[in-house]
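Chains, contacts and geometry: an overview
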Number of protein chains: 2
Amino acid sequence: GAIIYSMYTDTSIYQAEPPSIAEKDSVTKRENGITEQSPMRLRMEQFIKQHQKEIVAELEKVDGKKFVADSWERAEGGGGISCVLQDGNVFEKAGVNISIVYGRLPKPAIAKMRANHKALDPSVESLEFFASGLSMVLHPKNPNAPTVHLNYRYFETADDQGNTNAWWYGGGCDLTPSYLYDEDAIHFHNTIKQACDKHDRGYYPRFKKWCDEYFNNKHRGETRGVGGIFFDDLDETEKDQEQLFSFVQDCLSAFLPSYIPIINRRKDMPFTEEQKQWQQLRRGRYVEFNLVHDRGTAFGLNTPGSRVESILMSLPLTARWQYMHEPEKGSREERLLDVLKNPKEWV
Amino acid sequence: GAIIYSMYTDTSIYQAEPPSIAEKDSVTKRENGITEQSPMRLRMEQFIKQHQKEIVAELEKVDGKKFVADSWERAEGGGGISCVLQDGNVFEKAGVNISIVYGRLPKPAIAKMRANHKALDPSVESLEFFASGLSMVLHPKNPNAPTVHLNYRYFETADDQGNTNAWWYGGGCDLTPSYLYDEDAIHFHNTIKQACDKHDRGYYPRFKKWCDEYFNNKHRGETRGVGGIFFDDLDETEKDQEQLFSFVQDCLSAFLPSYIPIINRRKDMPFTEEQKQWQQLRRGRYVEFNLVHDRGTAFGLNTPGSRVESILMSLPLTARWQYMHEPEKGSREERLLDVLKNPKEWV
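Read on for an overview of the structure. (Residues numbered from 1 in each chain as written. Chains lettered and ligands numbered in written order. Predicted model: local features only at pLDDT ≥ 70, side-chain atom pairs only at ≥ 80, totals over all residues. Heavy atoms only, no water.)

**Description of the overall build of chain A**
To be explicit about the condition: Secondary structure elements are taken from DSSP: a helix is a run of H or I of four residues or more, a strand is a run of E of two residues or more, and numbering for both begins at the N terminus. Throughout, radius of gyration means the C-alpha value; the globule benchmark is 2.2 Å times the number of residues raised to the power 0.38. The Shrake-Rupley method, run with a 1.4 Å probe sphere, supplies the accessible areas, and residue values consider only the shown protein chains as cover. His is not counted, nor are the chain ends; Lys and Arg add positive charge and Asp and Glu add negative charge. Taken as the charge location is NZ of Lys, CZ of Arg, CG of Asp or CD of Glu.
Helix and strand counts for chain A come out as eleven helices and ten strands. Here the C-alpha atoms of chain A give a radius of gyration of 20 Å, agreeing with the 20 Å that 2.2 N^0.38 yields for 347 residues. Here the C-alpha coordinates of chain A stretch approximately 65 × 40 × 40 Å along the principal axes. Taken as a whole, chain A presents about 13,700 Å² of accessible surface, with 49% of it coming from carbon and sulfur. The average position of the 44 basic charges and that of the 51 acidic charges among the side chains of chain A differ by 3 Å.

**Remarks on unusual backbone geometry**
Here is the rule we go by: Burial here depends on accessible area, computed with a 1.4 Å probe over protein chains only, as a share of the maximum for the residue type. Under 20% is buried, over 50% is exposed, and the range in between is partly exposed.
A positive phi angle is found at A:D233, which is not glycine, with a value near 60 degrees. You can call A:D233 buried: its relative accessible area is 18%. The backbone phi angle of B:M324 is positive, close to 55 degrees, even though this residue is not glycine. Topologically, B:M324 is positioned in the loop between β10 (318–320) and α11 (332–341). With a relative accessible area of 35%, B:M324 lands in the partly exposed category.

**Some remarks on the sheet that holds strand β9 (residues 227–234) of chain A**
Residue and element names in this part refer to chain A. What counts is decided by this rule: Following DSSP output, two strands are said to pair if at least two bridges run between them. Where helices are involved, their axes are fitted lines through C-alpha atoms of the stretch in contact, as for all axes, and angles between N-to-C directions lie from 0 to 180°. Residues count as neighbours in contact if any of their non-hydrogen atoms are within 4.5 Å of one another.
Overall, antiparallel pairing links the seven strands, which are arranged β1-β2-β3-β4-β5-β6-β9 in an open sheet. Looking at strand neighbours, the two that pair on one side only are β1 (68–73) and β9, the edges of this open sheet. On average, each strand axis in the sheet is inclined to that of its neighbour by 10 degrees, with strand direction left out of account. Across 15 bridges, the pairing between strand β3 (residues 91–106) and strand β4 (residues 126–140) is antiparallel. Residue pairing in the sheet places A94 in a bridge with L138 of β4. On the sheet, helix α5 (residues 203–214) packs against β6 (164–176) and β9 and is oriented at approximately 100 degrees with respect to β9.

**Side note on the relation of the copies chain B and chain A**
Note the cut-off: Least-squares superposition aligns the copies on the C-alpha atoms of those residues with pLDDT at or above 70 in both.
With an axial shift of 0.0 Å and an RMSD of 0.0 Å, the rotation relating chain B to chain A amounts to 180 degrees. Both chain copies can therefore be described as sitting about a two-fold axis. The overlap is high: 100% of the interface residues of chain B also sit at the interface in chain A, so the same surface is used on both sides.

**Things to note about the state of the cysteines**
As a reminder of what qualifies: Only a pair of cysteine sulfur atoms within 2.5 Å counts as a disulfide in this structure description.
Summed over all chains, the structure comprises zero disulfides over all chains. Counting only cysteine sulfurs, A:C173 is the nearest neighbor of A:C83, a cysteine outside any disulfide, at a range of 18 Å.

**Topic: the pattern of salt bridges**
Residues and elements named next belong to chain A. Note the following rule: Within this document, salt bridges are pairs made up of a side-chain nitrogen of Lys or Arg and a carboxyl oxygen of Asp or Glu, the two lying within 4 Å of each other.
Tallied over the full model, the rule gives 67 salt bridges over all chains. Its salt-bridge partner being E125, residue K107 comes within 3.3 Å of it at the nearest N-O pair. Highlighted residues: K107 in helix α3 (residues 107–113) and E125 in the loop between α3 and β4, separated in sequence by 18 residues. Take K107: its relative accessible area is 34%, and that puts it in the partly exposed class.

**Some points on the interface of chain B and chain A**
Keep this limit in mind: Reported buried area values correspond to the accessible surface (1.4 Å probe) lost by two parts on association, with both partners' losses combined. The definition of a polar contact used here is a pair of N or O atoms within 3.5 Å, where within protein one atom must be able to donate a hydrogen and the other to accept one, and adjacent residues in sequence count solely through side-chain atom pairs. Residues are grouped as follows: Ala, Val, Leu, Ile, Met, Phe, Trp, Tyr, Cys and Pro are nonpolar; Asp, Glu, Lys and Arg are charged; every other residue, Gly included, is polar.
Of the residues lining the interface, 31 residues belong to chain B; the matching set on chain A comes to 31 residues. Of the roughly 2,900 Å² buried at the junction of chain B and chain A (both faces included), carbon and sulfur atoms supply 59%. Broken down residue by residue, the surface that chain B buries against chain A is led by B:E309, B:W321 and B:Y323, which jointly contribute 29%. The tally of links from chain B across to chain A stands at two salt bridges. A:E309 is the salt-bridge partner of B:R220, the closest N and O atoms lying 3.0 Å from each other. Our count for the contact surface shared by chain B and chain A stands at 15 residue pairs in polar contact (both at pLDDT 80 or more). When contributions to the side of chain B that touches chain A are tallied by element, the ones reaching two or more residues are β2 (78–86), α8 (273–293), α10 (308–311) and β10 of chain B. For the side of chain B that touches chain A, the element with the highest residue contribution is α8(B), accounting for six residues. Here the residues of the side of chain B that touches chain A are counted per class, giving 15 nonpolar, eight polar and eight charged. With three bridges joining them, strand β10 (residues 318–320) of chain A and β10(B) adopt antiparallel strand pairing. Its bridge partner being in β10(B), A:T318 is matched across the sheet by B:R320.

**Here we look at the sheet that holds strand β4 (residues 126–140) of chain B**
All names here are of chain B. Spatially, β1-β2-β3-β4-β5-β6-β9 is the arrangement adopted by the seven strands of the open sheet, whose pairing is antiparallel. Since the sheet does not close on itself, it has two edges, and those belong to β1 (68–73) and β9 (227–234), each with one partner. Each strand axis lies, on average, 10 degrees off the axis of its neighbour in the sheet, ignoring direction. Pairing analysis gives nine bridges linking β2 to strand β3 (residues 91–106), with the strands arranged antiparallel. Paired with I81 across the strands is I98, a residue of β3.

**Quick look at the packing of helix α2 (residues 40–63) of chain A against helix α6 (residues 241–253) of chain A**
Residues and elements named next belong to chain A. Heads up, the condition is: Any angle between 65 and 115 degrees counts as roughly perpendicular, while under 35 counts as roughly parallel, over 145 as roughly antiparallel, and the rest as oblique.
One can describe the packing of α2 onto α6 by two numbers: an axis separation of 11 Å at closest approach and a directional angle of 10 degrees. It follows from the interaxial angle that α2 and α6 lie roughly parallel. In this structure, α2 uses M40, R43, M44, F47, H51 and I55 to contact α6, whose residues at the interface are Q241, E242, F245, V248, Q249, L252 and S253. Of the residues that constitute the contact of α2 with α6, the class distribution is seven nonpolar, four polar and two charged.

**Some words on the environment of A:F215**
All names here are of chain A. Mapped onto the elements of the fold, F215 is located in the loop between α5 and β7 (216–217). Considering only alpha carbons, one finds F215 and G296, 81 residues apart in sequence, at a separation of 12 Å. Once residues lying within four places of it in the same chain are set aside, the contact partners of F215 are H149, D174, T223, R224, F230 and F289.

**Remarks on helix α5 (residues 203–214) of chain B**
The criterion, for reference: Helix span, expected: 1.5 Å multiplied by one less than the number of residues in the helix.
Taking 1.5 Å per residue, twelve residues should reach 16 Å; α5(B) reaches 16 Å between its end C-alpha atoms and fits that length. For α5(B), every residue scored as buried is listed here: B:Y203, B:Y204, B:F207, B:K208, B:C211, B:D212 and B:Y214.

Honestly, that's just the spatial picture; any functional story needs more than this.
Next up, the structure:
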């Protein structure tokens, strides 16, 4: 699934002939619209577009300020919409992005992906691919209100007839508080677990663990936050495509109920200057994870022609690094660090 | 020279038998003191310790506040002193560190280093090494005053008799303004160039270019700042050891005269809230370089047991990321970006 990250790039380095699936999809959309019989690519695109609108509308109600939307198109097919709210009443920085990418994968990328997807033919020089996803990061102003991150994505490759070859889903959602309220973590995990349990009782425990392992500032021995779920490379060896699409739909639909109650009860709480500073230090840790460890960010930034502002939208508006800062014994700040060093089971 | 970066780590992963050069050096120091006949390891150690004191003393005069010093020792030999001034009158964050590291290099690290140092024997399982250096980053409060970074280091390996095998010097010094004053960049480059020219008229142009190429946020097509010099792997194929040590001494000695006049003329200048915000955005770019591109930082953070607080001392106290920020046409902010996109010759 690492290659999904080229959704951030204009992938002009892979340009060959015009990708036929992009053309086919454009004709299908124009002539038939999108139905349950349409290719998954178009259904996923429609689904994430709908949810971007819905999430943005709900967040605008919470904040009172409006998001600004930027659209861009890619020459090879596809494009994206970035919705950003900066310096709002409730959110210091909030970004809800979608991207739709049609392109070609070069041989070395195919070889890497074969580790997880045996359907890929390692002998071809390049393959058409499609990637789409919704990414979101919300950094609230109030240090009592947690940052939240979400990303759901669909990837597929086509054979030289333009038929779907390998395909998979990836994504997840995780919460990063500066001050830990157990009830918030429990509510967040519970809501996600319910969405998972509808599909497979094994999903939540497996993807919760994967999340703790992935969103980890290994150099500090701390998880980034109190977790959620994370998964990648879910394909036909896991469940059939309809079942997985339905799972991803339920996960994404669980976002608003998992987070809106939390932000509403925290956004207007009083706080001190010291608490604001602690939040700023925790923001610094967020930056460390995203710039040092996150594979998607690294891949995007190191790819020529990437849209840097969309990739780095995940960074907070402000952050702080203080040499040798240590929270007081028995403080709430210390409690948070304990939990980050020893991830808890919340449900 | 990349392996020098293990100076940040406790390298406990390389532990084998106690390194005999560490023991030898400790006896030499105790019984004979350090003279011009001592091994280069001890002369370099003495030299950087002296300069750390001198630089810290001068910066305290500028700031009016005192640095806090932390010392640490390494079980395998060596140790370090971190001097940090945080939230001073003039400096938002200032760190002047030295480290002395004795350890063993594993086979893969030796193989990598052989590219630049043919004296290394690729057949041995591990090699004793020594690394020492002085690193400094100063982030002033006033947006008119530039950030400055400096690092000079010496590295050597020993054969199994404990005799020096390969050795080299690396380092440099570079300036990162938020608001560009040409006279500052010219003075800074001129002072460094004079130190270089005493040794080799080819050094300054060569190392100035290397600096622009290395301290580069490639994902944005911008250098980190207005440069200075950078070099690595300078060994016997360049000049003899005495000549190179003398070069590095002159470079380090040029620091105070290159920077003190600049900070003194900028530290009390009036500035607006908007200028402070622009500085914060530039701080964000500094963080991006250090966390995404800097080889030393990446190496340190990805090595188990590293001293994270010493590595990340280079980060500013505060930073900011604003989506799609663009300076006004014809503004000083835009002028800075132009120069960062098209590095200038200053002397």
